[in-house]
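# Observations on the three-dimensional arrangement
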2 protein chains.
Amino acid sequence: MSAVSATPLRLGIAGLGTVGIGVVKIVQRHAEMLEARTGRPVVITAVSARDRTKNRDADLSGYAWETDPVALATRDDVDVFVELMGGHEGAAKNATEAALRAGKDVVTANKALLAHYGQELAEMAEAAGRVIRYEAAVAGGIPVIKALTEGLAGNQLRRVMGVMNGTCNYILTRMETAGLPYDTVFEEARQLGYLEADPNLDVGGIDAGHKLSILAAIAFGTKVSFDDVVLEGIGRISIDDIRRAGDMGYKIKLLGVAQMTGRGLEQRMTPCLVPDSSPLGQLQGGTNMVVLEGDSVGQIVLRGAGAGEGPTASAVMGDVADIARGLRLPTFGVPAEKLAEPTPAAVSAPAPYYLRLQLMDKPGALAKVASVLGEAGVSISRMRQYGHADTSAPVLIVTHKTTRDAIDVAIGGFPATGVVEGEPVAIRIEEI
Amino acid sequence: MSAVSATPLRLGIAGLGTVGIGVVKIVQRHAEMLEARTGRPVVITAVSARDRTKNRDADLSGYAWETDPVALATRDDVDVFVELMGGHEGAAKNATEAALRAGKDVVTANKALLAHYGQELAEMAEAAGRVIRYEAAVAGGIPVIKALTEGLAGNQLRRVMGVMNGTCNYILTRMETAGLPYDTVFEEARQLGYLEADPNLDVGGIDAGHKLSILAAIAFGTKVSFDDVVLEGIGRISIDDIRRAGDMGYKIKLLGVAQMTGRGLEQRMTPCLVPDSSPLGQLQGGTNMVVLEGDSVGQIVLRGAGAGEGPTASAVMGDVADIARGLRLPTFGVPAEKLAEPTPAAVSAPAPYYLRLQLMDKPGALAKVASVLGEAGVSISRMRQYGHADTSAPVLIVTHKTTRDAIDVAIGGFPATGVVEGEPVAIRIEEI
């Protein structure tokens, strides 16, 4: 194109972990391809990491070394600051801000940073006439930010959903296939190195919640509001529920859902049931999936590796290529000043629920439960009662669409029946 | 962004069928949203179609009317010529060329035009400093052109696959679920209006082949070469094979595969078996799916509606939004002059094959067949022989990886055994 110049695009990479080294490898291996595709050489001029002496799987000898990422971000020979350090405070934030102030474009994989400071950084970038790109921050190698911001730009988005933490999906899938309890599989995952240093980032849904809040901002034109994401981790999911949900035709997923409703913006990252025949239900192991629903396009499903050296580096390089090609957009698709303050929905949209009760073997027990549900306004769609091997047996109920409030009222009414043992389990069924 | 101007982007739409009206509706319904997202008003100034008197589901009274699409394409008040007429000769081609010569950008849904004249049009566009965008030409609402050209720009592509003709997938799925023969379902599809005026475009694989040739050009940096696509339609697929393949754990799909091999560029649009548990295997009805495999990203799967008013119009509007935002790229991702002349692979890459034979009930029959296969260098991975209700019975064979040549040699050797009845069926199993 006429606008293409042969000036090299010079990257400064901060953070030389798996992803950083992955980026270095692509730039080295595919120099010619990148130049053909972007119309200019893409080169690395400087890198930065905490420990220079560490043995790394790439030749870094041709690059300047900065110990301080801020120094890297502001170097004269850096056009794009590639932030792959992670963490939403401290070095990553300081260096990103320094880069923008110094007139650099930024490419980052840092979902926490964007979830917490996305608005502020977007404003800063626009004031400086620079871009922040973050395809690698959400769902690894899947080009979902691009699909949502650009490909579906003609759509009013209705709902965005995703399984975006591979570790959680691995744990849930493994519990199911191996028939192992949560604690055992959690420990396995830890030993396999699948868990963050703070495992709650994974199993508590925080990491996936960060990603959801970013998608919601783009989809609905609102300021990123991670604090409004309703978070519930997978720690309370039992192997029993995985099995029983399976009996009723569902899988349990840590599912993110963002939708704009009449009651405001709903953002949830919680365990949900999804039909086992749906693409989300069929998602196994560490793979990620994002579902985008627009008023014209209907439902688009994107699937791919959500983490790892290659996929994440691929996403980073997609952003780098865009910058090299001169494709420039506001951070969240519209100018930061036009992003609306979201009103969080106080209650979530009605949905069917899955209920699991332990019912005592007493005459009229089921009738009593049904009556409590009826009084709470919850109607039963399907029910399955298991044989009484003991003095009590599980009952599974799939309700018609109802509210979480009504479910909670019903659960509150169960103890008085005298026929329900222990704590009932209620999990939302997300309709797909 | 600083580059954004408030000058309206003015569209001239040629072709007011389903998709054209879908585009009109989006522009009318989402004027404010489009302006917020692109930084400028997106408006329609003129339209064109064969029959002005036809009753259409949109108010066109505000737009100038041109009977001649070339006149529309060259109007002073048109910035982007939106070509939704279809057909690879005549009006669509003339008007597209006229638009480029007159300095207009082009957005088109016309896969046939690009498959036949992509290189020529890309050169013309670049000479004029204009862009041709065609997200709607491949896989309807799925933003696959964008994912491949931009999102995966850091990858050397390995293989691109897709189920990209919804009608064929509908027919195959319906044959399976209803247990109906091809001819019956074909007739149903015709009555439902799912088939093109020339049904061979659908069931002969031509339409899907057009799409594959476009994806291959982007993926491998080669000139579009539709003539090199190996085409085989679904007309010879029997309900028997659908059932038998199912018994062996496979589905039959009209699958496009493009890959660059040591022997050259392979482009096939043929019936293939895919594992029934794979995303491609699970694809039902008219939905499309594209699988992109890159050296860093691994496998990305994109799924969505491949046709219809909303999805196709969504893709058109994604392209329009890109142009409004100033995102400009060469037609196939690299300048047209850099696209290489592809060398078509003379033979397809080795793969396992599914074989169905009708074996006579004679002593040593199976041994004779196995011996012919062995002599051809084809080794058997799995076999299933059905009970002999008659004088002959079907035998299903899944081979280890082999070549189509070896399979053909084996099939050529079967008659001499005197134990194989009728024509054996051989279908490639695409490994996913």
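The structure displayed is predicted, hence computed values, not measured ones.

### What to know about the overall build of chain A
Helix and strand counts for chain A stand at 14 helices and 16 strands. Against the 2.2 N^0.38 benchmark of 22 Å for 432 residues, chain A shows a C-alpha radius of gyration of 24 Å, consistent with a compact globule. Its C-alpha atoms give chain A principal-axis dimensions of roughly 80 × 45 × 35 Å. Counting only residues that meet the buried cut, chain A has 61% of its 432 residues in that class. By sequence separation, contacts in chain A at least 24 residues apart represent 73% of the contacts at least 6 residues apart. A total accessible area of about 15,700 Å² is found for chain A, and carbon and sulfur atoms account for 48% of it. Charged side chains in chain A number 42 positive and 51 negative. The centres of these two groups are separated by 3 Å.

### Remarks on the pairing of strand E4 (residues 80-83) of chain A
All names here are of chain A. Taking every second residue as pointing to the same face, both faces of E4 are buried, with Val-80 and Val-82 on one and Phe-81 and Glu-83 on the other. Sheet analysis places E4 next to strand E5 (residues 105-108), joined by four bridges and oriented parallel. Considered in E5, the bridge of Phe-81 is made with Val-106. Handedness of the crossover joining E4 and E5 through helix H4 (residues 90-101): right-handed.

### A short note on the sheet that holds strand E13 (residues 353-360) of chain B
All names here are of chain B. Read across the open sheet, the four strands follow the order E14-E15-E13-E16; overall the sheet is antiparallel. The strands lining the two open edges of the sheet, one partner per strand, are strand E14 (380-385) and strand E16 (420-428). When the angles between neighbouring strand axes are averaged without regard to direction, this sheet yields 15°. As paired strands, E13 and strand E15 (residues 392-399) are joined by seven bridges and run antiparallel to one another. Each bridged residue has a counterpart across the sheet, and for Leu-359 the counterpart in E15 is Ala-393.

### Section: the domain arrangement of chain A
Residue and element names in this part refer to chain A. One can read the domain layout of chain A as domain 1 (9-137), domain 2 (144-306) and domain 3 (353-428). Taken over C-alpha atoms, the centre of domain 2 sits 27 Å from the centre of domain 3. Taken together, the contact between domain 2 and domain 3 spans 16 residues of the former and 12 residues of the latter. Interface area lost by domain 2 to domain 3 is led by Asp-241, Arg-244 and Met-248, which between them contribute 50%. Where domain 2 packs against domain 3, one counts two salt bridges. Taking the shortest distance from any N to any O, the salt bridge between Arg-356 and Asp-241 comes out at 2.5 Å. For the pair domain 2 and domain 3, the number of links is seven residue pairs in polar contact (both at pLDDT 80 or more). Elements supplying a minimum of two residues to the side of domain 2 that touches domain 3: helix H11 (239-247), strand E9 (250-261) and strand E10 (264-275). For the side of domain 2 that touches domain 3, the residue count by class is eight nonpolar, two polar and six charged.

### Notes on the UniProt feature "domain: ACT" (unreviewed entry) in chain A
Per the UniProt record, "domain: ACT" (unreviewed entry) is found at residues 354-432 of chain A. Strand forms 38% of residues 354-432 of chain A and helix 27%; the C-alpha atoms that close the span are 15 Å apart.

### What about the packing of helix H7 (residues 166-178) of chain A against helix H8 (residues 182-191) of chain A?
All names here are of chain A. Two elements in contact, H7 and H8, have axes separated by 9 Å at closest approach and are oriented at 130°. Relative to H8, the element H7 lies oblique. H7 and H8 meet at a crossing whose hand is right-handed. In this structure, H7 contributes Tyr-170, Ile-171, Arg-174 and Met-175 to the contact, and H8 contributes Tyr-182, Val-185, Phe-186, Glu-188 and Ala-189. Taken together, the residues of the contact of H7 with H8 break down into seven nonpolar, no polar and two charged.

### Topic: the pattern of salt bridges
With the rule as written, the count across this model stands at 66 salt bridges over all chains. Here Asp-319 of chain B and Arg-133 of chain B are joined by a salt bridge, their closest N and O atoms 3.6 Å apart. One end of the pair, Asp-319 of chain B, is in helix H12 (residues 309-325); the other, Arg-133 of chain B, is in strand E6 (residues 132-133), with 186 residues separating them in the sequence. Comparing Asp-319 of chain B with Arg-133 of chain B shows no difference in burial state: the two are buried. Here Glu-188 of chain B and Arg-174 of chain B are joined by a salt bridge, their closest N and O atoms 2.6 Å apart. Of this pair, Glu-188 of chain B sits in helix H8 (residues 182-191) while Arg-174 of chain B sits in helix H7 (residues 166-178), and the two are 14 residues apart along the sequence. What you see here is one network of salt bridges that share partners, running through Arg-133, Lys-146, Glu-150, Asp-319 and Asp-322 of chain A together with Arg-133, Lys-146, Glu-150, Asp-319 and Asp-322 of chain B.

### Points about the nonpolar core
Residues Val-144, Ile-171 and Leu-292 of chain A together with Val-144 and Leu-292 of chain B are the most contacted members of the largest nonpolar core, which totals 164 residues. Those residues within four positions of Leu-292 of chain A in sequence are excluded, and the remaining contacts are Val-144, Ala-147, Leu-148, Leu-152, Arg-159, Val-160, Gly-298, Gln-299, Ile-300 and Leu-302 of chain A.

### Some details on the packing of aromatic side chains
All names here are of chain B. Scanning all chains against the criterion turns up six aromatic pairs over all chains. Consider the rings of Tyr-134 and Phe-332, whose centres lie 5.8 Å apart with planes at 45°: the pair is tilted. Taken together, the positions of Tyr-134 in the loop between E6 and helix H6 (144-151) and Phe-332 in the loop between H12 and E13 put the pair 198 residues apart, joining distant regions of the chain. Measuring from ring centre to ring centre gives 5.9 Å for Tyr-182 and Phe-186, while their planes differ by 35°; the resulting arrangement is tilted.

### Things to note about the interface of chain B and chain A
On the chain A side, the residues contacting the 53 residues of chain B number 53 residues. Here chain B and chain A share four salt bridges between them. Put simply, Asp-295 of chain A and Arg-29 of chain B hold a salt bridge, and the shortest N to O gap is 3.3 Å. Our count for the contact surface shared by chain B and chain A stands at 20 residue pairs in polar contact (both at pLDDT 80 or more). Among the secondary structure elements, those contributing two or more residues to the side of chain B that touches chain A are helix H1 (18-29), helix H2 (31-38), H6, strand E12 (298-305) and H12 of chain B. In terms of residue count, H12 of chain B provides more of the side of chain B that touches chain A than any other element does, eight residues in total. Sheet topology places strand E12 (residues 298-305) of chain A next to E12 of chain B; three bridges connect them, and they run antiparallel. Residue pairing across strands places Arg-303 of chain A opposite Val-301 of chain B, the latter belonging to E12 of chain B.

### Here's the deal with the sheet that holds strand E4 (residues 80-83) of chain B
All names here are of chain B. In spatial order, the strands read E3-E2-E1-E4-E5-E6; together these six strands make up an open sheet with parallel pairing. Edge positions in the sheet fall to strand E3 (64-66) and E6, since each has one partner strand and no second. Where strand E2 (residues 42-48) meets E3, three bridges bridge the pair, whose relative direction is parallel. Note that in E3 the partner of Val-47 across the bridge is Trp-65.

### Topic: the relation of the copies chain B and chain A
With an RMSD of 0.0 Å, the fit of chain B onto chain A corresponds to turning through 180° and sliding 0.0 Å along the axis. Taken together, the turn and the small shift mark the pair as related by a two-fold rotation axis. Residue by residue, 100% of the interface of chain B is reproduced at the interface of chain A, so both copies engage with the same surface.

### So, H1 of chain B
All names here are of chain B. Between its first and last C-alpha, H1 extends 16 Å over 12 residues, near the 16 Å set by a 1.5 Å rise per residue. The element H1 is extensively covered by neighbouring structure, given that nine of its 12 residues are classed as buried. Buried residues along H1 sit against strand E1 (9-14), H2, E2 and H12.

### As for the environment of Thr-173 of chain B
Position of Thr-173 of chain B relative to the elements: it lies in helix H7. Distance in space between the C-alpha atoms of Thr-173 of chain B and Ile-323 of chain B is 38 Å, their sequence separation being 150 residues.

### Some remarks on empty space enclosed by the protein
Residue and element names in this part refer to chain B. Applying the stated criterion across every chain yields a total of five cavities of 30 Å³ or more. Considered as a void within the structure, the largest cavity measures approximately 80 Å³ in volume. Along the walls of the largest cavity sit Leu-172, Thr-173, Glu-176, Ile-242, Ala-245, Tyr-250, Lys-251, Ile-252 and Lys-253, which together make up its complete lining. If you list the elements that add at least two residues to the lining of the largest cavity, you get H7, helix H11 (239-247) and strand E9 (250-261).

The rules behind each value
- Residues numbered from 1 in each chain as written.
- Chains lettered and ligands numbered in written order.
- Predicted model: local features only at pLDDT ≥ 70, side-chain atom pairs only at ≥ 80, totals over all residues.
- Heavy atoms only, no water.
- Helix = DSSP H or I, 4+ residues; strand = E, 2+ residues; numbered from the N terminus.
- Rg over C-alpha atoms; globule rule 2.2 N^0.38 Å.
- Buried < 20%, exposed > 50% of the residue type's maximum accessible area, 1.4 Å probe, protein only.
- Contact = heavy atoms within 4.5 Å.
- Areas by Shrake-Rupley, 256 points an atom, 1.4 Å probe, with all protein chains shown as cover.
- Lys, Arg positive; Asp, Glu negative; His and termini not counted.
- Charge placed at Lys NZ, Arg CZ, Asp CG, Glu CD.
- Pairing = 2+ DSSP bridges.
- Right-handed = clockwise from strand over helix to strand, strands pointing away.
- Axes fitted to C-alpha atoms, helices over the stretch in contact; angles between N-to-C directions.
- Domains from an automatic or database assignment.
- Buried area = accessible area lost by both parts, 1.4 Å probe.
- Salt bridge = Lys/Arg side-chain N within 4 Å of Asp/Glu carboxyl O.
- Polar contact = N/O pair within 3.5 Å; in protein donor to acceptor, adjacent residues only side chain to side chain.
- Nonpolar A, V, L, I, M, F, W, Y, C, P; charged D, E, K, R; others polar.
- UniProt positions renumbered as here; feature names shortened; annotations may be inferred.
- Parallel < 35°, antiparallel > 145°, perpendicular 65-115°, else oblique.
- Left-handed = near helix turned anticlockwise from the far one by under 90°.
- Core = buried A, V, L, I, M, F, W, Y, C linked by side-chain atoms within 4.5 Å.
- Phe/Tyr/Trp six-rings, centres within 6.5 Å; stacked < 30°, edge-to-face > 60°.
- Least-squares fit on C-alpha atoms with pLDDT ≥ 70 in both.
- Expected span 1.5 Å × (residues − 1).
- 1 Å grid on protein atoms, 1.4 Å probe; cavity = no way out; pocket = protein on both sides within 12 Å on 5 of 7 lines; lining within 4 Å.
- Points joined across faces, edges and corners; volume = space filled by probe spheres on them.

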